[in-house]
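# Descriptive analysis of the structure
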Amino acid sequence: MTPARGAACGKVILLGEHAVVHGTPAIAAGIERGAEATVIPAPEGRSSLHLAGIEHLPGEAKTPLCHAFAALLATFPDLPPVRITAESRLLPGGGLGSSAALGVAIARAAATFATSTGSATSVDAAQILAAAGAWERVFHGNPSGIDTTAAALGGCFLYTRAEGASPLALRHDVWLAVGSTGTSASTKSMVESVARLFERKPEVRDHTLPAITALVRNAALALEAGDLKGLGHLLDLNQMLLAGIFVSTEDLERMCLLAREAGALGAKLTGAGGGGSLIALLDARSDDDAARAAAPVLAAWRAAGYDGQLARIS
Ligand code: PMV
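Cut-offs used in this document
- Residues numbered from 1 in each chain as written.
- Predicted model: local features only at pLDDT ≥ 70, side-chain atom pairs only at ≥ 80, totals over all residues.
- Heavy atoms only, no water.
- Domains from an automatic or database assignment.
- Contact = heavy atoms within 4.5 Å.
- Buried area = accessible area lost by both parts, 1.4 Å probe.
- Salt bridge = Lys/Arg side-chain N within 4 Å of Asp/Glu carboxyl O.
- Polar contact = N/O pair within 3.5 Å; in protein donor to acceptor, adjacent residues only side chain to side chain.
- Helix = DSSP H or I, 4+ residues; strand = E, 2+ residues; numbered from the N terminus.
- Nonpolar A, V, L, I, M, F, W, Y, C, P; charged D, E, K, R; others polar.
- Near = heavy atom within 4 Å.
- Areas by Shrake-Rupley, 256 points an atom, 1.4 Å probe, with all protein chains shown as cover.

### Here we look at the domain arrangement of the chain
- Segmenting the chain into domains produces domain 1 (4–164) and domain 2 (169–313).
- The centre of domain 1, based on its C-alpha atoms, is set 25 Å off from the matching centre of domain 2.
- Listed per partner, the contact involves 29 residues of domain 1 and 40 residues of domain 2.
- Between domain 1 and domain 2 the total buried area reaches about 2,700 Å² when both faces are included, carbon and sulfur atoms providing 70% of it.
- The largest contributions to the domain 1 side of the interface with domain 2 come from Leu 14, Leu 15 and His 18, which together make up 24% of the buried area.
- Across the salt bridge formed by Glu 17 and Lys 268, the nearest N and O atoms sit 2.9 Å from each other.
- Between the two partners, domain 1 and domain 2, sit 7 residue pairs in polar contact (both at pLDDT 80 or more).
- Looking at the side of domain 1 that touches domain 2, the elements with two or more residues in it are β1 (4–15), β2 (26–41), α3 (125–140) and β6 (156–160).
- At 6 residues, the largest contribution of residues to the side of domain 1 that touches domain 2 is made by β2.
- Across the side of domain 1 that touches domain 2, the residue classes tally to 17 nonpolar, 10 polar and 2 charged.

And the structure:
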């Protein structure tokens, strides 16, 4: 039997991370790099997940991956034992949605396997999101769902926990330099630290959440109008608010500054922060423009010891 395959993209959050966990809107977009999974019948007669050469068994309490795998399989109750091999091309804990991309890719491969072997008649998008959500909750405790939605949908969309995704009609493609600090932090602990801050200082929550909401709503308008300068300014303001809730780091601040000095229209961390990745908006309206605008940003990061690459949001 040919293996059943599934794939999913990574994501960047353009604006609104962390606040989105508390019910406000955010904007996310899929990026080309992501994760892939293949499923075959289990020769050993018991299900297993193989990731970076390491085997994880769903019944074992050894790692969060074992728990996440068990939680995902539980959403396919009639699936026969399977051997799943998965791979992510995204840095774990890097703010690019690596675990969500893996969850969606594995869920898609399992769904294809289930329908081709007759253990399910059809699997719809809501079931894929439910399976990936069960996986993601093991790692992140209280995920907003934006990562799994972006991994499944791609494109660029406005998202709230209550209403899910509303696609945005971009005036034209948007080019970003995506940088990596080279360090990573646990999304779960970053989300928990913001929740604790909001509990201890409700006044911080009460000024941060409405301010981020206003930035996100304006950014949706800027994206649809093709106003890159306005969008860049909104990214910078969002970064200030993220620093105000202590999720930025010295590396992230330094990389944002280097990007702005090298001509980026705005820059901010993306994802949970505490390290991980950042995005810098390029003054570009074509692939050629983007390569020209990205070069000094990537060179400045490289000279300071950081990595980065160009990404297009379409
Ligand atoms: O670091 P990432 O890629 O897992 O992004 C998480 C985004 C948060 O808003 C911080 C958490 C969430 O569940 O929305």
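There's plenty left to go through after this.
### Quick notes on the site of the ligand
- Within the structure, the ligand sits among 18 residues, and Lys 11, His 18, Ser 144, Asp 147 and Ala 272 are positioned closest to it.
- Take Asp 147: an N or O atom from its side chain is 2.9 Å from an oxygen atom of the ligand.
- For the ligand, the accessible surface in isolation is 380 Å², of which the surrounding protein chains cover 96%.
- Contributing elements (two or more residues each) for the shell around the ligand: β1, α4 (146–153) and α5 (187–200).
- Among the residues making up the shell around the ligand, the classes are represented as 8 nonpolar, 7 polar and 3 charged.
- Both domains that meet at the shell around the ligand, namely domain 1 (4–164) and domain 2 (169–313), each give it at least three residues.

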